[in-house]
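One letter stands for each residue in the lines below.
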Amino acid sequence: MSIPLLAFELTETNRDWLIHRPLAIVSYIVVAIVLRFVLHRLIDRMTKPREKSGKPRRSFLAPLQERAERAIGDPYARERRIQRAQTIGSVFKSGVSVVVLVWVVLQTLDTLGFNVAPFIASAGIAGVALGFGAQNLVRDFISGMFMLLEDQYGVGDVVDLGDAVGTVESVGLRVTTVRDIDGTLWFCRNGEILRVGNMSQGHAVSVIDVPIAPTSNVDRACQIALRAVLDGVEREDIAPDVLEKPELLGVNSVTAGAVTLRLTVRVRAGKQWAIRRSLTRAVLEAFDQNGIESPNVAVAAAVSS
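Residues numbered from 1 in each chain as written. Predicted model: local features only at pLDDT ≥ 70, side-chain atom pairs only at ≥ 80, totals over all residues. Heavy atoms only, no water.

Enquirer: Just to check I follow, could you spell out the overall build of the chain for this structure?
Expert: When helices and strands are counted, the chain shows eight helices and eight strands. Classification of the 305 residues of the chain by burial places 31% in the buried group. Long-range pairs, those at least 24 residues apart, make up 64% of the contacts in the chain between residues at least 6 apart in sequence. Only carbon and sulfur atoms are counted for the fraction: they give 60% of the accessible area of the chain, which is about 19400 Å². (Helix = DSSP H or I, 4+ residues; strand = E, 2+ residues; numbered from the N terminus. Buried < 20%, exposed > 50% of the residue type's maximum accessible area, 1.4 Å probe, protein only. Contact = heavy atoms within 4.5 Å. Areas by Shrake-Rupley, 256 points an atom, 1.4 Å probe, with all protein chains shown as cover.)

Enquirer: Looking at this model, I keep getting lost on the sheet that holds strand 1 (residues 158–160). Mind explaining?
Expert: Across a sheet, strands are paired by hydrogen bonds formed along the backbone, either parallel or antiparallel in direction. The strand order 4-3-2-1-5 describes an open sheet built from five strands, whose pairing is antiparallel. Where the open sheet ends on each side, the last strands, each with one partner, are strand 4 (185–189) and strand 5 (197–198). (Pairing = 2+ DSSP bridges.)

Enquirer: Looking at this structure, I do not really get the sheet that holds strand 7 (residues 247–254). What am I missing?
Expert: Pairing within the open sheet is antiparallel, and its three strands lie in the order 6-8-7. Two strands close off the open sheet at either side, each with one partner strand: strand 6 (203–212) and strand 7. Strand-to-strand twist of the sheet, defined as the mean angle between neighbouring strand axes without regard to direction, takes the value 30°. Helix 6 (residues 218–232) rests against strand 6, strand 7 and strand 8 (259–268) of the sheet, and its axis sits at about 20° to strand 8. Seen against the sheet, helix 7 (residues 272–289) touches strand 6 and strand 8 and runs at an angle of roughly 25° to strand 6. (Axes fitted to C-alpha atoms, helices over the stretch in contact; angles between N-to-C directions.)

Enquirer: It is not clear to me how the pattern of salt bridges should be interpreted in this structure. Could you clarify?
Expert: Where charged atoms from two side chains of opposite charge come close, those side chains can pair. Inspection of the entire model under this criterion finds 11 salt bridges. Here Asp209 ties to Arg262 by a salt bridge, and the two come within 2.7 Å at their closest N and O atoms. Of the two residues, Asp209 is situated in strand 6 and Arg262 in strand 8; the sequence distance between them amounts to 53 residues. One salt-bridge network, held together by shared partners, links Arg139, Asp140, Arg189 and Glu192. (Salt bridge = Lys/Arg side-chain N within 4 Å of Asp/Glu carboxyl O.)

Enquirer: Would you mind going over the packing of helix 6 against helix 7 with me for this structure?
Expert: Relative orientation and spacing of two packed helices are given, respectively, by the angle between their axes and the distance between those axes. Between helix 6 and helix 7, whose axes approach to 9 Å, the crossing angle comes to 135°. Relative to helix 7, the element helix 6 lies oblique. Seen along the crossing, helix 6 lies across helix 7 with a hand that is right-handed. Of helix 7, the residues touching helix 6 (which contributes Ala221, Ile224, Ala225, Ala228, Val229 and Gly232) are Leu279, Ala282, Val283, Ala286 and Phe287. Each residue belonging to the contact of helix 6 with helix 7 can be placed in one class, and the counts come to 10 nonpolar, one polar and no charged. (Parallel < 35°, antiparallel > 145°, perpendicular 65-115°, else oblique. Left-handed = near helix turned anticlockwise from the far one by under 90°. Nonpolar A, V, L, I, M, F, W, Y, C, P; charged D, E, K, R; others polar.)

Enquirer: I'm lost on the side chain of Thr260 in this one. Help?
Expert: Summarising the element assignment, Thr260 is placed in strand 8. Setting aside anything within four residues of it in sequence, one finds Thr260 in contact with Asp209, Val210, Pro211, Gly250, Val251, Asn252 and Ser253.

Enquirer: When you look at the pairing of strand 6 in this model, what are you seeing that I'm missing?
Expert: The side-chain alternation of strand 6 yields one buried face, formed by Ala204, Ser206, Ile208, Val210 and Ile212, and one unburied face, formed by His203, Val205, Val207, Asp209 and Pro211. Both strand 6 and strand 8 contribute to a ladder of 10 bridges, which runs antiparallel. What sits directly across from Pro211, in strand 8, is Thr260.

Enquirer: I'm lost on helix 5 (residues 135–150) in this one. Help?
Expert: Owing to its 3.6 residues per turn, the α-helix aligns residues three or four sequence positions apart on the same side. The terminal C-alpha atoms of helix 5, which comprises 16 residues, lie 22 Å apart, in line with the 22 Å expected from a rise of 1.5 Å per residue. One or two steps after helix 5, the chain reaches Asp151, where phi turns positive at roughly 55°. (Expected span 1.5 Å × (residues − 1).)

Structure (structure tokens):
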């Protein structure tokens, strides 16, 4: 007794839908995964900082790195460049992922028999409408990209953005957040930032202004102030942050009630305020020990007499 054999013959349509199109979709997905992986690795390689030893690695940010090294020469600049490179790399990788995903979706729809031309045309029209309706958003993104590339500021920097002055807490392509001395968190759109005063790049200058009574011996007061500052910068907690020898500029202003002396010292960026407070205190203590009167004391003595 023979057993009947049932054979399933695939038609051209069945073969197309069950074999050819699924294989094409799978191949698109595989190509997209490989392409995304390769491009991400390429972006990582381009934005990776140069190694300390061995042959220097040429990167996408090499011109910026070399320019920063020549202009600043600060050991902290390397860490700053690494952070900037990582931020730019993450932006590029996100853009690559979006482009690859859109390509896979369009190819899949085309393989399934959908006409993708209307989708492309609609995307073009929507892009034009979006461009007209979101000009500020586009400007914010472009400004944010240039801010990252030019390293105008970074997280942790103390900046003056016009209306907001404080410490940068986050830097994005659209918004920069700054927390001021009162704890208020400011959200600043990148496209609206017209100027940036960065007080944390390169070096800074501590300006020490100390008033004395008009009747005091100015020359002696200058010598005492300079000696106090020179001794102050030798302290263990201040010396590592001092870049140059303090300088006495002399009398900065003269009023009916006070004569103001000015001294300056170049220090590491971000340390100018703490060092200024410490040195101002040292000068005032030196004045008190050497009998240099302050304006308030002189006025009080004149009134009592």
